[in-house]
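# Analysis of the macromolecular model
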Amino acid sequence: MTQTSAPIVRAAAAVAATVFLIPSAARAQAGAPIGHPAFDSAYHAWQEGSYTDALAGLGRLLDGPDAHRFLEPAALLTGELFETAQVAIDGRQAGWSADGSYISWETGSGADRRAHIAPVQNGRPGAAVALAGHSPVFDGGGNVFFIAIRETPELAEARAAVAAAVDRRDAFDARTRVSRLEEAGAQLMSRDLATGRESVVDLGGIVPQAMVVRESDGALHVFGAPADAGNTNHLYRITNGAPEQVTTADGPKRDAVFLTGDRLLYVIDRESFAIQDLVTGNVAAHDGSQVAISGDRSTVAFVREDGSDNVITILLADGSAVDAVRRTDDIANPALSSGGTRVVYQMMPREDWELYVKDVSADTEVRLTREIQHDLFPRFAGEDHVLAVMGEGRHRRSYLYDLATGERTRLFHNNTVRTVAPEYEWVLSPDGRSVLIVAERDGDTVSPERGVYVMNLDRRVDLPALRSRVSEQLAAEHALNDRARELFAGIEEPVRAAVADVSKDRIYQYEHDLYQFGSKHINQPGNAKAIEYLAAKLREFGYEPELQWFDARGVRTANVIAALPGTVHPDVLYTVSSHFDSVERGPGSDDNTSGTSALLEAARVLSTRPQAATIHFAFFTGEEAGLLGSREYVRRAVENQDLLVGALNNDMVGYANDQRLDNTIRYSNAGIRDIQHGAAILFTDLITYDAKYYKSTDAHAYYDAYGDIVGGIGSYPILGNPHYHQTHDILETINHQLVAEVSKTTVATLIQLASSPSRVKNVTVSRSGDAVRVTWDALPETNVTSYVVEWGPVGGQARWSARVTGTVADIANVPQGDEIRVAGVNERGALSWDWARVGPQ
């Protein structure tokens, strides 16, 4: 699996000591047992994945006379403890004004890049205003400054060249020209927050790059340079007259911070920064990185190397330096308390990042976390609490740590049982009482939108809201279970027999054998050995595997494909895949020997159980080199005009960080998502979550060629495997029972898909008043006997439905705005595994 972008965690300018409403019963992670039999029973049912039992028990407690006793632990078990409000449906680069009275975020790119600002009172946001620019800063005197792009004929011409580019090189060159013209044409704008009046700030030929306000006098300062200045820029003080140059050193400079004692800090490059005395002009350069500033701006911390040691050095206000931490272990991301007396930081004592805190003047440190996942980006929230995040970049979660007890409280959630909500940015308010969070609360990692939320750390959810949450979650779980029984009705017996044949011991043997080959990257000898091994195993199971040889980056490699021909409609194809290659530096036991082994076992179990439709078991090569194998498979499928109607892709399914056998359904198609939930619930011990997620995986190739037909299982975005893409992604880190449960879920899903009609294609709707004619293509399955047409609100219950034997339906009295849905029905009465939807009409 490939890596994605890093998150943003900003420290507030000044964080005051804060008292948080975190009762002791709620401080442990995710609503831990509290010594009450009824609550503890619900908690353990939750951990086992018996969500209906857990939620029913919580509902009884919250309706009882002692409901307030259970508010905190029940809230943390089911979602959020603190009140959270959505600020925007899309945003990034979130921030606060220095006094905490405004929040800001950005949307769009290029000419469409916009900054948005909104007032905040008592932690609650007001109406937002959009600015035609980016990088807003507040001066504390009622103005916001931002950078806008000045439109010119040259810029318009360059943008047109991007649209007209015919190859990658032309497109790259055109985009580069657009970027340079946008930078050169930047101008500084000012907006009066009271009147809304905007004006251009005259910089006397200086092109603005970034801004900072000196809080002591509210003066605006701008990083910039004349258009022909090369790589040297300076910080300029902006007054009513001409810009006044502040910095004196040559070279590029960024990330300016005004310190106490008339000092200015700025970063020079990745490994150095400087502090300039604003009175004398003297500049002191320092070798180090990851600079952190105390809330009162008196103290600076940074990380440097000293021989084999990693050191956190503290620069005090009087100019003296203290080496607060010195270790041979990796150290990163220090943060200082408001007064600079405490430092919190990441250290890697073994294979994952942990958090440590110490008084700057003390000799010993205190370990704050002991979590198998990475603990990252700590920031002080008051003197006695730390905000930090946990996990891998595609699903990090935020926590608040009590430094007095070491206990943690989970913060953000989407208050659902199944859908995960990846978080990307966390920004504390200046007083430490609120957090701005950028996240995908709906679990949709495919669309570019990421919501912006503000969470109040001193305002809990109330009992009515919590009761409503639990009731909604219970109803959703009942509906999911009912849907599961409906989907598998009539085929439970053969599914159970097949699932029972899955062997954890066989799976371990596959994993063990593949592990012996070391790295299976396409440029390593283990790749060819794995191809040979997979082909031999498939022959052992009775298949005649196809080796899809192709050249990739000067290397000859191959996908391994086993076909299980369909018994009723062999032209209808389902594919289930996993990539067997690993990164170059490691054996890839989780990424992705785990998925490969689950797939091998599914192929073995189904080898004697042919289904109505054809199934391809596809072992892809070259995923870690750029999704090469999946794209080659799909290229050939399109060339052969294969009727591929559904696809599963399993990637990284073996690592477990706790006792729960859990994994995430990664899907584009909601119908397949529900089948996989149902398969796990009815036939396995797997606990399933879901996220709309297929980009940068082998599933993307299916989507590009065949559209919305994708499901599958993968540990991202849900767990944070610290062994991901590392040399220590080794066999000992795999939970083999978890791999077996994924294999069982895959087997059950394939049987249901191949036993049902596929999704109807090419639905068209024409309307005449309230009358609607619906047409569609006949399904390719030979045992389809009829079609169901229904209509109703988008995503809601059907108002009415009709059954027809042809591919045309004439419907009367269809309200404007309703969605039309069509599904096939086969001879055993099974509906298509997903509705074809058109609407609203």
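Keep in mind it's a predicted model, so treat the numbers as computed, not measured.

Tallying secondary structure elements over the protein gives 14 helices and 50 strands in all. Computed over its C-alpha atoms, the radius of gyration of the protein comes to 29 Å, within 12% of the 28 Å expected for a compact globule of 841 residues. Overall, the protein is about 85 × 65 × 65 Å in size when its C-alpha atoms are taken along their principal axes. A sequence separation of at least 24 residues applies to 60% of the contacts in the protein between residues at least 6 apart. Surface exposure of the protein reaches about 33500 Å², of which carbon and sulfur atoms provide 47%.

Quick look at unusual backbone geometry now. Along the chain, D591 connects to N592 via a cis peptide bond; the corresponding omega equals 10°. Among the secondary structure elements, N592 is positioned in helix 10 (residues 589–606).

Here we come to the sheet that holds strand 22 (residues 309–315). Ordered by their spatial adjacency, four strands build an open sheet running 20-21-22-23, and the pairing between neighbours is antiparallel. Both outer strands of the open sheet, strand 20 (289–293) and strand 23 (321–327), are each paired with one neighbouring strand and no more. Strand-to-strand twist in this sheet, taken as the mean axis angle between neighbours without regard to direction, amounts to 25°. Of the pairings in the sheet, the one linking strand 22 to strand 23 comprises six bridges and is antiparallel in character. Note on strand 23: the bridge partner recorded for N310 is R327.

So, on to the packing of helix 1 (residues 37–47) against helix 2 (residues 51–62). Contact geometry for helix 1 and helix 2: axes closest at 7 Å, N-to-C directions at 155°. The angle between helix 1 and helix 2 falls in the class roughly antiparallel. Of the two elements, helix 1 crosses helix 2, and the hand of that crossing is left-handed. Residues A38, F39, A42, A45 and W46 of helix 1 form the contact with helix 2, whose own contacting residues are Y51, D53, A54, L55, L58 and L61.

Direction vectors running N to C along helix 6 (residues 463–487) and helix 12 (residues 670–683) enclose 90°, while the axes themselves pass 9 Å from each other. Of the possible angle classes, the one that applies to helix 6 and helix 12 is roughly perpendicular. Residues L480, N481, R483, A484, R485 and L487 of helix 6 form the contact with helix 12, whose participating residues are D674, I675, H677, G678, I681 and L682. Looking at the contact of helix 6 with helix 12, its residues break down into six nonpolar, three polar and three charged.

Over its 19 residues, helix 14 (residues 736–754) runs 27 Å from end to end, which matches the ideal 27 Å to within 8%, given 1.5 Å per residue. Summarising burial for helix 14: 18 of the 19 residues are buried, a large majority. Between the side-chain oxygen at the start of helix 14 and the backbone nitrogen of Q737 there is a gap of 3.1 Å, and the oxygen is on N735.

Residues F488, L538, F617 and F619 are the most contacted members of the largest nonpolar core, which totals 63 residues. Broken down by element, the residue count for this core peaks at 10 residues, all from helix 14. Beyond its immediate chain neighbours, meaning those up to four positions away, L538 contacts Y543, P545, V560, A562, L600, A603 and F619.

When pLDDT is averaged along the protein, the result is 91; 95% of the residues meet or exceed 70. Confidence drops under a pLDDT of 50 for residues 2–6, and excluding neighbours within four residues, the segment shows 11 contacts in the predicted structure. Here residues 11–28 is modelled with pLDDT under 50, and outside its nearest four sequence neighbours on either side it reaches 60 contacts, counting other chains as well.

Let's shift gears to the sheet that holds strand 48 (residues 808–811). Judged by pairing direction, the sheet is antiparallel, and its three strands sit side by side in the order 44-45-48 without closing on themselves. Across the chains shown, the open sheet's two edge strands, defined by having one partner strand only, are strand 44 (764–768) and strand 48. For this sheet, the mean inter-axis angle between neighbouring strands, taken without regard to orientation, is 15°. Here strand 44 pairs with strand 45 (residues 771–775) via five bridges, running antiparallel. Within strand 45, the position partnered with R767 by the bridge is V772.

For the rest of this paragraph, the subject is helix 11 (residues 628–639). Between its first and last C-alpha atoms helix 11 spans 16 Å; for 12 residues at 1.5 Å apiece the expected length is 16 Å, and the two agree. The secondary structure elements touched by the buried residues of helix 11 are strand 35 (546–552), strand 36 (555–564), strand 37 (569–579), strand 38 (613–620) and helix 13 (699–706). Positive phi appears at Q641, one or two residues downstream of helix 11, with a value of about 60°.

The next point concerns the side chain of N559. For N559, the location among the structural elements is in strand 36. Owing to a relative accessible area of 0%, N559 belongs among the buried residues under this scheme. In this structure the side chain of N559 is engaged in a polar contact, spanning 3.0 Å, whose partner is the backbone nitrogen of T621. Once residues lying within four places of it in the same chain are set aside, the contact partners of N559 are E546, L547, Q548, F550, F619, F620, T621, G629, E632 and Y633.

Of all six residues making up strand 33 (residues 434–439), six are buried, and the element is well covered by its neighbours. Residues S434, L436 and V438 of strand 33 are buried on one face, and the alternating residues V435, I437 and A439, pointing to the opposite face, are buried as well. As paired elements, strand 32 (residues 423–428) and strand 33 share five bridges and run antiparallel to each other. When the bridges of strand 33 are listed, V427 appears paired with L436. Once strand 32 ends, the chain turns through five residues before running back antiparallel as strand 33, passing G432 with a positive phi of about 75°. As defined by bridge partners, strand 33 adjoins strand 34 (residues 451–460) across six bridges and the pair is classed as antiparallel. Pairing of I437 across the sheet is with Y453, part of strand 34.

On to the pattern of salt bridges, then. Going through the model one piece at a time under the given rule, you end up with 46 salt bridges. The salt bridge involving R113 is made with E106; its shortest N-O contact spans 2.9 Å. On the basis of relative accessible area, R113 is assigned to the partly exposed category, the value being 27%. Residue E106 is classed as buried on the basis of its relative accessible area of 4%. Between D262 and R214 there is a salt bridge whose closest N-O contact spans 2.7 Å. With a gap of 48 residues between them, D262 in the loop between strand 16 (254–259) and strand 17 (263–269) and R214 in strand 12 (residues 207–214) connect regions that are remote in the sequence. Judged by its relative accessible area of 15%, R214 is buried.

Let us now look at the environment of A115. Mapping A115 onto the fold places it in strand 5 (residues 114–121). Exposure remark for A115: the relative accessible area of 0% places this residue in the buried category. On a C-alpha basis, the gap between A115 and A186 in space is 15 Å, while along the polypeptide they are 71 residues apart. Other than its neighbours up to four places away in sequence, A115 contacts W105, E106, V129, A130, L131, G133, H134 and P136.

So, about a negative patch on the surface. A cluster of acidic side chains, namely D269, E271, D287 and E305, defines a negative patch on the protein surface. Inspection of the secondary structure assignment puts D269 in strand 17.

In the structure shown here, the tally under the stated rule is 15 aromatic pairs. Ring geometry for F620 versus Y633: centroids 5.5 Å apart, planes at 50°, classification tilted. You can see F620 sitting in strand 38 and its partner Y633 sitting in helix 11, a full 13 residues away along the chain. One exposure class covers both F620 and Y633, and it is buried. In textbook terms, an aromatic cluster arises when at least three aromatic residues are bridged by ring pairs, as seen for F620, Y633 and Y702. Its end group placed over the ring of Y667, R673 keeps NZ or CZ at 5.1 Å from the ring centre.

Cut-offs and rules
- Residues numbered from 1 in each chain as written.
- Predicted model: local features only at pLDDT ≥ 70, side-chain atom pairs only at ≥ 80, totals over all residues.
- Heavy atoms only, no water.
- Helix = DSSP H or I, 4+ residues; strand = E, 2+ residues; numbered from the N terminus.
- Rg over C-alpha atoms; globule rule 2.2 N^0.38 Å.
- Contact = heavy atoms within 4.5 Å.
- Areas by Shrake-Rupley, 256 points an atom, 1.4 Å probe, with all protein chains shown as cover.
- Pairing = 2+ DSSP bridges.
- Axes fitted to C-alpha atoms, helices over the stretch in contact; angles between N-to-C directions.
- Parallel < 35°, antiparallel > 145°, perpendicular 65-115°, else oblique.
- Left-handed = near helix turned anticlockwise from the far one by under 90°.
- Nonpolar A, V, L, I, M, F, W, Y, C, P; charged D, E, K, R; others polar.
- Expected span 1.5 Å × (residues − 1).
- Buried < 20%, exposed > 50% of the residue type's maximum accessible area, 1.4 Å probe, protein only.
- Polar contact = N/O pair within 3.5 Å; in protein donor to acceptor, adjacent residues only side chain to side chain.
- Core = buried A, V, L, I, M, F, W, Y, C linked by side-chain atoms within 4.5 Å.
- pLDDT = per-residue confidence, 0-100.
- Salt bridge = Lys/Arg side-chain N within 4 Å of Asp/Glu carboxyl O.
- Patch = residues over 30% accessible without salt bridge, like charges linked within 9 Å, V, L, I, M, F, W, Y side chains within 5 Å.
- Lys, Arg positive; Asp, Glu negative; His and termini not counted.
- Charge placed at Lys NZ, Arg CZ, Asp CG, Glu CD.
- Phe/Tyr/Trp six-rings, centres within 6.5 Å; stacked < 30°, edge-to-face > 60°.
- Lys NZ or Arg CZ within 6 Å of the ring centre and 35° of its normal.

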